[in-house]
Amino acid sequence: MSGPMALEPGGAEQDTLALRLAGTPARGDDRTLALRLPGSLPDPEAVSRLAAALADRIGPAVHPYEVAALLEAEGLTAEQIKQRYGHPNLFSLATALYEQVPRTFPEPAPAADPWRPDTVRCLLRGVLFALPGLAYLLTAPVWHPGRHAAAPIVAGLVSWAWGQALGHRAHLRMATGRREAARTLLTGAPLGAALATAAAAPLAGGRAVLLAAAAQSLYLAAAGVLLVLARERLLLAALTPLVAGAAVLPWWEPGTPLRTGLPLLALLATLAATGHALRGALAVPAASGGSRPRPLWSLPYGLFGLAAGVLVLLEGRRAPYAVIALTLSMGPAEWLLYRYRGLSVAALRATATPAGFLLRSAAVLGGCLCAYLLPLLPAACLTGAAPATLLLLAATLWTALLLQAFGTAWPPAVICLAAAAAAGAGALGLPPGPAALPLCCGVAVLGLVAYALLLLGRPARHV
């Protein structure tokens with residue numbers, strides 16, 4: 001003991017209790033079997049191996065404490081940390097791992113689209129909007145709708161307006177409970193059918209026409225109930241007799257009994273299906289609480305339904321087959337409303353500034369409008385309709401429905417009512433005459449699109 005003992009880190013004390021294989025150097029040998037005492041230096045190689053094994057979970061950590069929690073979850077004990085890695089405690093090892101592994105912050109997994117549309121259901125709804133037209137094809141020789149068109153037209157406009165308002169009110173009640181929505185439909189649907197029939201009565205001019213208008217009103221009321229309750233397949237099954245009767249017309253004349261009996265059977269089946277759906281909804285236990293919505297809240301939806309009916313009627317006077325194409329397009333239109341909302345949410349996640357979101361929102365709106373209108377262009381050519389008129393009318397309806405989907409009802413209702421009034425005046429011979437419908441729809445589209453960009457170009461509307 002002729003001199004002092006070196007006690008600095010890295011000195012000879014590191015060789016304390018070291019068992020070495022014969023013929024190997026004292027340092028730098030991987031075959032060293034060392035038992036480390038508490039307080040010894042860390043083992044860099046062991047720590048590196050641990051860092052490599054846990055790199056994917058250490059990289060996203062924002063503080064060493066997260067790494068410490070990870071090590072605890074891996075089941076490392078204090079004794080293992082000291083003996084295997086040479087660190088005095090958990091936090092020392094966690095800090096070393098945190099400093100050794102580069103920071104990585106991977107993008108979160110893409111969230112599911114909350115507005116993913118049901119493609120089959122949307123397409124089915126478009127078909128269901130058009131199928132009732134087969135009833136006129138079957139029954140036309142019986143009551144000659146060309147000579148008595150005013151009564152069913154007025155009844156249809158009233159039913160359309162009432163159905164839009166009732167559907168909105170029922171959806172508001174659906175937020176309280178399915179039973180409450182069913183009670184609203186049970187009260188409102190028969191009342192709407194009665195009002196539509198009463199409006200058509202002065203124009204009927206005969207019992208057969210009045211019965212046709214009443215049957216039309218009953219069907220529209222019942223079908224509206226089934227659509228609100230999402231029973232589209234049940235409605236399609238009820239219309240099977242109507243489809244079967246119309247399918248044989250090119251090859252066989254069914255005669256008056258079948259021409260009237262098959263639509264009547266379809267009507268009775270629709271009423272029975274509606275009763276079944278309402279009975280099931282009314283069997284649901286009543287919800288507690290929930291205030292009744294004011295009738296005024298549904299008024300703009302009814303006014304829009306009236307305006308849309310007038311605009312479609314004016315187009316139907318020129319090109320009735322184009323109206324069939326427009327009716328069928330309502331299914332894809334509904335699908336695109338869902339897609340617009342989903343794409344807008346995706347744009348909100350992908351942008352960091354309000355200006356950037358406004359540009360993306362405009363691109364989404366333009367893309368959805370083009371996707372809706374492009375298939376109608378060949379349909380207009382095939383049906384002999386003026387393409388500009390049909391496309392502008394379709395754009396007016398879709399943009400108004402888009403604003404309504406976001407809870408904005410009065411502006412599209414007022415714009416569409418003004419367009420319908422001006423176009424109706426043109427149909428009566430007032431200036432600008434035949435050009436009134438495309439001109440009014442064009443102005444309405446510009447106003448609706450501008451308002452949609454102003455309103456829906458704000459991120460807060462999509463949160």
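In what follows, the structure referred to is the one given above.
My aim in this report is to walk through the structure given alongside it, one point at a time. (Residues numbered from 1 in each chain as written. Predicted model: local features only at pLDDT ≥ 70, side-chain atom pairs only at ≥ 80, totals over all residues. Heavy atoms only, no water.)

Our next topic: the overall build of the protein. The helix and strand tally for the protein stands at 21 helices and 2 strands. Burial analysis of the protein (463 residues in total) assigns 41% to the buried set. Across the protein, the fraction of contacts at a sequence separation of at least 24, relative to all contacts at a separation of at least 6, is 77%. Accessible surface, the protein as shown: approximately 24500 Å² in total, 68% of it carbon and sulfur. (Helix = DSSP H or I, 4+ residues; strand = E, 2+ residues; numbered from the N terminus. Buried < 20%, exposed > 50% of the residue type's maximum accessible area, 1.4 Å probe, protein only. Contact = heavy atoms within 4.5 Å. Areas by Shrake-Rupley, 256 points an atom, 1.4 Å probe, with all protein chains shown as cover.)

Next up on the list: the packing of helix α19 (residues 387–405) against helix α21 (residues 436–456). Close contact between α19 and α21 brings their axes to 8 Å; oriented N to C, the two are set at 30 degrees. The angle between α19 and α21 falls in the class roughly parallel. Relative to α21, α19 is oriented so that their crossing is left-handed. Along its contact with α19, which presents T389, L392, L393, A395, T396, T399, A400, L402 and L403, the element α21 presents L437, P438, C441, G442, A444, V445, L448, V449, Y451, A452, L455 and L456. Looking at the contact of α19 with α21 residue by residue, the classes come out as 17 nonpolar, 4 polar and no charged. (Axes fitted to C-alpha atoms, helices over the stretch in contact; angles between N-to-C directions. Parallel < 35°, antiparallel > 145°, perpendicular 65-115°, else oblique. Left-handed = near helix turned anticlockwise from the far one by under 90°. Nonpolar A, V, L, I, M, F, W, Y, C, P; charged D, E, K, R; others polar.)

This paragraph deals with unusual backbone geometry. The phi dihedral of A230 falls on the positive side, at around 60 degrees, and the residue is not glycine. When you line up the elements, A230 lands in the loop between α10 (207–228) and α11 (232–238).

With that settled, the discussion passes to helix α6 (residues 119–130). Taking 1.5 Å as the rise per residue, α6 with 12 residues should run 16 Å; its terminal C-alpha atoms sit 17 Å apart, in good agreement. Residues of α6 that are buried include every one of C122, L124, R125, G126 and L128, and no others. Buried positions along α6 lie against α10, α11, α15 (320–328) and α16 (330–350). (Expected span 1.5 Å × (residues − 1).)

Inspection of the secondary structure puts T95 in helix α5 (residues 90–100). Between the alpha carbons of T95 and Y65 there is a distance of 8.0 Å; along the sequence they are 30 residues apart.

We now examine the nonpolar core. With 49 residues, the main nonpolar core has L326, Y340, Y372, W398 and L402 as its most contacted residues. When residues of this core are traced back to their parent elements, those giving at least two are α14 (295–318), α15, α16, α17 (354–373), α18 (376–383), α19, α20 (410–427) and α21. In this structure Y340 touches S361, V364, L365, C368, L402, F406, L456 and H462, once residues within four positions along its chain are discounted. Core analysis: the second largest hydrophobic core is formed by 28 residues, V228, A266, A277 and A281 among them. (Core = buried A, V, L, I, M, F, W, Y, C linked by side-chain atoms within 4.5 Å.)

According to the stated counting rule, one finds 5 salt bridges in the structure shown. In this structure, E74 engages R57 in a salt bridge whose closest nitrogen and oxygen atoms are separated by 2.9 Å. Note that E74 is positioned in the loop between α3 (64–73) and α4 (78–85) and R57 in helix α2 (residues 55–58), a separation of 17 residues in sequence. Since its relative accessible area comes to 40%, E74 is described here as partly exposed. For R57, a relative accessible area of 42% gives the class partly exposed. As a salt-bridge pair, E253 and R259 come within 2.9 Å of each other at their nearest N and O atoms. (Salt bridge = Lys/Arg side-chain N within 4 Å of Asp/Glu carboxyl O.)

Turning our eyes to something else, we now look at the packing of aromatic side chains. Under the defined criterion, the tally for this structure stands at 2 aromatic pairs. The interplanar angle of 65 degrees and the centroid separation of 5.6 Å between the aromatic rings of Y65 and F91 together place this pair among those described as edge-to-face. Here F91 lies in helix α5 and Y65 lies in helix α3, a separation of 26 residues in the sequence. For Y65, a relative accessible area of 56% gives the class exposed. For the pair Y340 and F406, a centre-to-centre distance of 6.0 Å together with 85 degrees between the ring planes defines the contact as edge-to-face. Within this pair, whereas Y340 is found in helix α16, its partner F406 is found in the loop between α19 and α20, the two being separated by 66 residues in sequence. The class for F406 is buried, based on a relative accessible area of 9%. Note that R341 overlies the ring of W115, its terminal NZ or CZ placed 4.0 Å from the centroid. (Phe/Tyr/Trp six-rings, centres within 6.5 Å; stacked < 30°, edge-to-face > 60°. Lys NZ or Arg CZ within 6 Å of the ring centre and 35° of its normal.)

Now for a nonpolar patch on the surface. A cluster of nonpolar side chains, namely L172, L296, W297, L299, W410 and V414, defines an oily patch on the protein surface of about 580 Å² accessible area. Breaking the nonpolar patch down by element, the ones donating at least two residues are α14 and α20. Ranked by residue count, the leading element in the nonpolar patch is α14, at 3 residues. With respect to the helices, strands and loops of the structure, V414 is situated in helix α20. (Patch = residues over 30% accessible without salt bridge, like charges linked within 9 Å, V, L, I, M, F, W, Y side chains within 5 Å.)

Another point: α16. Taking 1.5 Å per residue, 21 residues should reach 30 Å; α16 reaches 30 Å between its end C-alpha atoms and fits that length. All buried positions along α16 are accounted for by M330, G331, A333, E334, L336, L337, Y340, R341, G342, S344, V345 and A347. Where the residues of α16 are buried, they touch α6, α15, α17, α19 and α21.

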